[in-house]
Amino acid sequence: MSRTPLIAGNWKMYKTIPEAVETVEQLKEAIKDVSSREVVIAPSFVCLFPVAEVIRRSNIALAAQNVFWEDEGAYTGEISPAMLRSGGCTYTIIGHSERRQYFGETNESVNKKSKKSLEGGLKVIVCIGESLEEREKKNTFSILRTQIEGGLRGLTADQMREVVIAYEPIWAIGTGKTATADQAEEVHQFIRNQIGEKQGKELSEKTRILYGGSVKPDNIDELMAKKNIDGVLVGGASLKVESFARIVKFLF
Ligand code: PGA
């Protein structure tokens, strides 16, 4: 079993088009020698196409931060998987906790978006994670079980092969409070077991599970040393080339 490490940068609602282009030009240069790990960046929608031009034939792939579950139609403000593919995306993030918190994303909408994206040939990074209150009440595992069951319901084994799960404890996002590598590993093992129960051990061993929440150059090596942590989803520290490049170049 070997899972290619995946390092993804989520730029959230940061960077204008010129800023995004400049950052990705520098990033491309900074990590040009990196191989055997996958690097993905997720700029805002308007930056996707100009960024795609810069990373053409590089080792950086492109993700959207969100997607809609219809092919086309009268859905003002929404963007379909086919549109994202035509703009150069190979991935989309789905169900980020900020979308759940501010934009009404539910496990059901995550499921619809995941299915449609996979049908349309986009790989998905499905985010799950518990709040501080849920952790303190010892509900972490039951919340995650519900998010996994609801979000991934009905996906075929072939579709599951294109799914990446990102475990992002909400209390660790943008707060500077990282889950310890041991805390994260415990949850990642639980997530892998859940997938194993539903989809069988072989598939669960192939599924990549990322950690997200205040990942920085100074904690990346410890996180990546864990058996069940297959990569990271990075917010704040992905905005600066120096810190993101160091994260990409984590030490085994
Ligand atoms: P952070 O964000 O690295 O700034 O904590 C992670 C995320 O929200 O994906």
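As shown above, the structure is provided for reference.
Residues numbered from 1 in each chain as written. Predicted model: local features only at pLDDT ≥ 70, side-chain atom pairs only at ≥ 80, totals over all residues. Heavy atoms only, no water.

Peer 1: Just to check I follow, could you spell out the site of the ligand for this structure?
Peer 2: Taken together, 13 residues surround the ligand, and among them K12, H96, E168, G174 and S214 come closest. The contact in question runs from an oxygen atom of the ligand to an N or O atom on the side chain of K12, over 2.7 Å. When isolated, the ligand has an accessible area of 280 Å², and the protein chains bury 96% of it. In terms of residue class, the shell around the ligand is made up of 4 nonpolar, 7 polar and 2 charged. (Near = heavy atom within 4 Å. Polar contact = N/O pair within 3.5 Å; in protein donor to acceptor, adjacent residues only side chain to side chain. Areas by Shrake-Rupley, 256 points an atom, 1.4 Å probe, with all protein chains shown as cover. Nonpolar A, V, L, I, M, F, W, Y, C, P; charged D, E, K, R; others polar.)

Peer 1: It is not clear to me how the sheet that holds strand β8 (residues 231-234) should be interpreted in this structure. Could you clarify?
Peer 2: Within a beta sheet, neighbouring strands are joined by backbone hydrogen bonds and run either parallel or antiparallel to one another. Pairing within the closed barrel is parallel, and its 8 strands lie in the order β1-β2-β3-β4-β5-β6-β7-β8. Along the sheet, successive strands turn relative to each other by an average axial angle of 25°, direction set aside. Lying on the sheet, helix α7 (residues 140-152) is in contact with β5 (123-128) and β6 (163-167); it crosses β5 at an angle near 150°. (Pairing = 2+ DSSP bridges. Helix = DSSP H or I, 4+ residues; strand = E, 2+ residues; numbered from the N terminus. Axes fitted to C-alpha atoms, helices over the stretch in contact; angles between N-to-C directions. Contact = heavy atoms within 4.5 Å.)

Peer 1: Sorry, what's going on with the packing of aromatic side chains here?
Peer 2: Where two aromatic rings form a pair, the distance of their centres and the angle of their planes describe that pair. Under the defined criterion, the tally for this structure stands at 5 aromatic pairs. Here F141 and F190 contribute two aromatic rings whose centre-to-centre distance is 4.3 Å and whose plane-to-plane angle is 25°, an arrangement assigned as stacked. Taken together, the residues F141 in helix α7 and F190 in helix α9 (residues 181-199) connect sequence positions 49 residues apart. Residue classification places F190 among the buried residues on the basis of a relative accessible area of 12%. Of the aromatic side chains, those joined through ring pairs into one cluster are F68, W69 and Y75. The side chain of K15 reaches across the aromatic face of W11, ending 5.3 Å from its centre. In this structure, R37 packs its charged tip against the face of F250, placed 3.8 Å from the ring centre. (Phe/Tyr/Trp six-rings, centres within 6.5 Å; stacked < 30°, edge-to-face > 60°. Buried < 20%, exposed > 50% of the residue type's maximum accessible area, 1.4 Å probe, protein only. Lys NZ or Arg CZ within 6 Å of the ring centre and 35° of its normal.)

Nothing here speaks to function; it is all geometry.
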